[in-house]
Amino acid sequence: MAGMLYLVPTPIGNLSDISVRCRKTLEQADFIAAEDTRVTLKLLNYLEIKKPLVSYYEHNKLESGPKIVRRIQEGETCVLVSDAGSPAISDPGEDLVRLCAEAGIPVCAIPGPCAVITALSISGLPTGRFCFEGFLSINKKSRQEHLAGLQNERRTMIFYEAPHKLLATLKDLANAFGTDRRVSLCRELTKLHEEVVRTTLGEAVVRYTENAPRGEFVVVVEGAQEAPVEAITLDAGAALVRAEMEKGLSKKDAVKLVAKQTGLPRNALYEAALQDEN
Ligand code: SAM
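Residues numbered from 1 in each chain as written. Predicted model: local features only at pLDDT ≥ 70, side-chain atom pairs only at ≥ 80, totals over all residues. Heavy atoms only, no water.

1. A word on the overall build of the chain
Looking only at helices and strands, the chain has 11 helices and 10 strands in total. Computed over the C-alpha atoms, the radius of gyration of the chain is 26 Å, more than 25% above the 19 Å expected from 2.2 N^0.38 for a compact globule of 278 residues. Along the three orthogonal principal directions, the C-alpha set of the chain runs to about 90 × 55 × 35 Å. Counting all 278 residues of the chain, 42% fall into the buried class. Partitioning the intrachain contacts of the chain with sequence separation of at least 6 by distance along the chain shows that 70% fall at a separation of at least 24. Accessible surface, the chain as shown: approximately 15600 Å² in total, 51% of it carbon and sulfur. Each charge class in the chain was averaged separately, 34 positive and 37 negative side chains, and the resulting centres sit 2 Å apart. (Helix = DSSP H or I, 4+ residues; strand = E, 2+ residues; numbered from the N terminus. Rg over C-alpha atoms; globule rule 2.2 N^0.38 Å. Buried < 20%, exposed > 50% of the residue type's maximum accessible area, 1.4 Å probe, protein only. Contact = heavy atoms within 4.5 Å. Areas by Shrake-Rupley, 256 points an atom, 1.4 Å probe, with all protein chains shown as cover. Lys, Arg positive; Asp, Glu negative; His and termini not counted. Charge placed at Lys NZ, Arg CZ, Asp CG, Glu CD.)

2. Looking at the site of the ligand
Near the ligand there are 19 residues, and of these Ile89, Asp91, Ala115, Tyr160 and Phe217 occur at the shortest range. Between the ligand and the protein, one listed contact pairs a nitrogen atom with a backbone N or O atom of isoleucine 89 at 2.7 Å. Tyrosine 160 has a polar side-chain atom sitting 2.8 Å from an oxygen atom of the ligand. Isolated, the ligand exposes 580 Å² of accessible area, and the fraction of that covered by the protein chains is 91%. (Near = heavy atom within 4 Å. Polar contact = N/O pair within 3.5 Å; in protein donor to acceptor, adjacent residues only side chain to side chain.)

3. Focus on the sheet that holds strand β9 (residues 195–200)
The five strands lie next to each other as β6-β7-β10-β8-β9, forming an open sheet whose pairing is mixed. Each edge of the open sheet carries a strand with a single partner, namely β6 (130–135) and β9. Between one strand and the next, the sheet's axes are offset by a mean angle of 20°, whatever the strand orientation. Examined bridge by bridge, strand β7 (residues 156–161) and strand β10 (residues 217–221) share five bridges and lie antiparallel to one another. Looking at β10, one finds that phenylalanine 159 is bridged to valine 219. (Pairing = 2+ DSSP bridges. Axes fitted to C-alpha atoms, helices over the stretch in contact; angles between N-to-C directions.)

4. Regarding the pairing of strand β4 (residues 77–81)
In terms of burial, β4 is largely enclosed, as five of its five residues are buried. Residue alternation in β4 divides its side chains into two sets, Thr77, Val79 and Val81 and Cys78 and Leu80, and both sets are buried. Looking at chain direction, strand β1 (residues 4–7) and β4 are connected through four bridges and run parallel. Residue tyrosine 6 lies in a different strand from β4, and its bridge partner there is valine 79. When strand β2 (residues 31–34) meets β4, the two strands line up parallel, connected through four bridges. Paired with alanine 33 across the strands is leucine 80, a residue of β4.

5. Some remarks on the packing of aromatic side chains
Scanning all chains against the criterion turns up three aromatic pairs. Relative to phenylalanine 217, the ring of tyrosine 208 has its centre 5.7 Å away and its plane inclined at 85°; by these criteria the two rings are edge-to-face. The ring of phenylalanine 31 has arginine 71 lying over it, and the distance from NZ or CZ to the ring centre is 3.8 Å. Against the face of tyrosine 270 rests lysine 251, its NZ or CZ located 5.5 Å from the ring centre. (Phe/Tyr/Trp six-rings, centres within 6.5 Å; stacked < 30°, edge-to-face > 60°. Lys NZ or Arg CZ within 6 Å of the ring centre and 35° of its normal.)

6. Some details on a positive patch on the surface
Residues Lys252, Lys256, Lys260 and Arg266 make up a contiguous surface patch of positive charge. Examining the composition of the positive patch, we find that three residues originate from one element, helix α10 (residues 251–262), more than from any other. Assignment of secondary structure puts lysine 256 in helix α10. Residue lysine 256 is classed as partly exposed on the basis of its relative accessible area, which comes to 46%. (Patch = residues over 30% accessible without salt bridge, like charges linked within 9 Å, V, L, I, M, F, W, Y side chains within 5 Å. Salt bridge = Lys/Arg side-chain N within 4 Å of Asp/Glu carboxyl O.)

In structure tokens:
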């Protein structure tokens, strides 16, 4: 019988964030696939768990992935971990999950620490609708294209960034979205020096120009505001009503629709449309 792949999230700073279920799953695994075996060994030592480790990371995943799949098909249970946080989220793992799914191997993701969700929830920005943008490309052109494509994004946007690239990224974000756009810089989450700076993109550029950023950051950016509805005259409203009637709507329905679209009062719009007919 085929084994199973478990995705086990590991702490993003505070070791106590390892859950009971994650610990048990690590204890019961036949082997652990790790992004950096040295990092994972430290965690296993802390948990007093001894398990065989294999490495699975960006530059060996093409050879390592199929070997892991074969072992699972032969009946072994594998736990995949990354250096910190949830495997497969801006981390190696996405491809291994796909390989296992294609091979009909059951995959179980255990919930736990994840920098994007931790940052979003503490950001103070709207959390109802959000999009995760991961790391921006280091290629200037594709980076600018990416940001241009996000200019009208209304959802809260979340970016990962390395500290030495943070200032350049903030400048690019300010160019793309404007200096007044709100941003929350979530630094060293769950660690001793955890800090959340809630400011604007313009002020963030000034802040980190004066003091070089240190530690790990998640950048949470407010979405674009809805474009203000242009003030519209009653005459223009009446013309819209006429256009809707020509498309087949009754006068009543056309007035209702245009009133909703423009914010013009229904009665006045109806009167203006009537006068238009005379
Ligand atoms: N898979 C991990 C997750 O989703 O939690 C993320 C791995 S990604 C390679 C590393 C990035 O996550 C960092 O560059 C940083 O943007 C963010 N990150 C990880 N730990 C963090 C922490 N403690 N505080 C702030 N950001 C963190």
